[in-house]
Every structure is written in structure tokens, then in C-alpha cells.
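Summary of the model geometry
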Amino acid sequence: MTQPETSSAVLFVCVKNGGKSQMAAGLMRRELETVGAASAVRVDSAGTQPGSAVNALSAEVLQDVDVDITAETPQLLTEDMMREAGHVVILGAEAQVPQPEGVLVERWETDEPSLRGIEGRERMELVREDIHHRVKELAERLVG
């Protein structure tokens, strides 16, 4: 069994904070709830160039697995947010973030089904499943 990490907060980041990072945060909250550790890790998300709303299709496919992100609002990433979290997960290759001292930053090269010609709801379901798998592994590292 792996030793849990000491971080008590995780910040998920993508460019617009309307899709992948919101999905990851919602799935992480749900995963922590499922293992009885909802209050053990603070979960947030942000974007390097936030959009104006959560992606409707992202929210829809999350509702299929009982995760509701419809009330979330994209927010701008700041170095203070990164330092406060201490652990930052960047989703995808597009978002570029600073590297504040003392902050653990990891990048998830997430599946991009559109590169294989898969679009719409099917694309978003595949993205959700890839992120969910990664979130489960991260939750295990954080809370054991």
C-alpha cells in the first residue's frame, strides 16, 4: 500500500476552467465522499484563461454519474491559489502555469477523442472516464 501524500488541498487547472478541470474537481469531490474523506482534501479548480460558464456537455455527462457541477463558475488561476493548494494538477497540454516554489505540479495528458474523430457526447463521456480513472488514483494517493 502506498503512503498517502501530505497535501490537504488539490487545485485542478485547464485553460477555460469550463470542462476538464471542473470535471476533475467534481469527480474528486465525489470520490472523496465515496471513501468517507469528503473533508480530508479541499478541492478547487481554475483556468489560465477562464471562460464565462461551465461547458454544458461536461455538466451533462457528469450528471450521468451523479456529479453536479452546474452551479460552478470558471475562475482565474493565481499563484496564490496554487500556493494555498500546494498540489496542482494541470489537465491537458494547453494550459501553461507558473511553478511557485514549494508547490507540487503534475500534468495529466488527458485523452482527446476528437483527435480520433470522436465528437459530441461520446467524446465527453470518454474524457470523463479518463479523468475519473486518474482522479481515483489521485484520491488513493491523497487519502490512502
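This write-up is about the structure you can find in this document. Please read these numbers as outputs of a predicted model, since none were measured by experiment.

Our focus in this paragraph is the overall build of the chain. When helices and strands are counted, the chain shows four helices and four strands. Shown N-terminal to C-terminal, the secondary structure of the chain runs as helices and strands in the order β-α-β-α-α-β-β-α. Relative to its length of 144 residues, the chain is compact, with a C-alpha radius of gyration of 14 Å against a globular reference of 15 Å. Side-chain charges in the chain split into 14 positive and 25 negative, and the spacing between the mean points of these groups amounts to 2 Å.

We now examine helix H1 (residues 20-34). Between its first and last C-alpha, H1 extends 21 Å over 15 residues, near the 21 Å set by a 1.5 Å rise per residue. Counting buried positions along H1 yields 11 of 15 residues, so the element is predominantly enclosed. Every buried residue of H1 is listed here: Lys20, Ser21, Gln22, Met23, Ala24, Ala25, Gly26, Leu27, Met28, Glu31 and Leu32. Phi turns positive, to about 75 degrees, at glycine 36, one or two residues after H1.

Time to look at unusual backbone geometry. It is generally the case that most residues other than glycine have a negative phi and that most peptide bonds are trans. Even without a glycine there, the phi angle at asparagine 17 is positive, about 55 degrees. Examined against the element boundaries, asparagine 17 turns out to sit in the loop between strand E1 (9-14) and H1. Phi at aspartate 66 takes a positive value of approximately 60 degrees, unusual for a residue other than glycine. Take aspartate 66: it is sitting in the loop between helix H2 (56-63) and helix H3 (79-85).

This brings us to the sheet that holds strand E3 (residues 87-91). Taken in spatial order, the four strands line up as E2-E1-E3-E4 in an open sheet, and their pairing is parallel. Only two strands of the sheet have a single partner each, and these edge strands are strand E2 (42-47) and strand E4 (104-108). Averaged over neighbouring strand pairs, the angle between their axes works out to 20 degrees when direction is ignored. By the bridge criterion, five bridges tie E3 to E4 in an arrangement that is parallel. Looking at E4, one finds that leucine 91 is bridged to tryptophan 108. Together, E1, E2 and E3 form the strand contacts of H1, whose direction differs from that of E2 by roughly 175 degrees. Running at roughly 155 degrees to E4, helix H4 (residues 120-143) makes contact with E1, E3 and E4 of the sheet.

Time to look at the side chain of serine 45. Its location among the elements puts serine 45 in strand E2. One polar contact links serine 45 to glutamine 22, side chain to side chain, over a distance of 3.5 Å.

This part covers the environment of aspartate 44. Within the secondary structure, aspartate 44 is located in strand E2. Residue class for aspartate 44 comes out partly exposed when judged on its relative accessible area of 31%. In contact with aspartate 44, not counting residues within four places along its chain, are Val10, Leu11, Phe12, Ala25, Arg29, Gln75 and Met81.

Another point: the layout of surface pockets. Rolled over the atoms, a probe sized like a water molecule indicates the empty space that remains. There is about 410 Å³ of room inside the largest pocket. As for the largest pocket, its lining consists of 21 residues, of which Cys14, Lys20, Glu94, Glu112 and Arg123 are closest to the centre. Within the residue set of the lining of the largest pocket, elements represented by two or more residues are H1 and H4. Among the residues making up the lining of the largest pocket, the classes are represented as nine nonpolar, six polar and six charged.

What counts as what
Residues numbered from 1 in each chain as written. Predicted model: local features only at pLDDT ≥ 70, side-chain atom pairs only at ≥ 80, totals over all residues. Heavy atoms only, no water. Helix = DSSP H or I, 4+ residues; strand = E, 2+ residues; numbered from the N terminus. Rg over C-alpha atoms; globule rule 2.2 N^0.38 Å. Lys, Arg positive; Asp, Glu negative; His and termini not counted. Charge placed at Lys NZ, Arg CZ, Asp CG, Glu CD. Expected span 1.5 Å × (residues − 1). Buried < 20%, exposed > 50% of the residue type's maximum accessible area, 1.4 Å probe, protein only. Pairing = 2+ DSSP bridges. Axes fitted to C-alpha atoms, helices over the stretch in contact; angles between N-to-C directions. Contact = heavy atoms within 4.5 Å. Polar contact = N/O pair within 3.5 Å; in protein donor to acceptor, adjacent residues only side chain to side chain. 1 Å grid on protein atoms, 1.4 Å probe; cavity = no way out; pocket = protein on both sides within 12 Å on 5 of 7 lines; lining within 4 Å. Points joined across faces, edges and corners; volume = space filled by probe spheres on them. Nonpolar A, V, L, I, M, F, W, Y, C, P; charged D, E, K, R; others polar.

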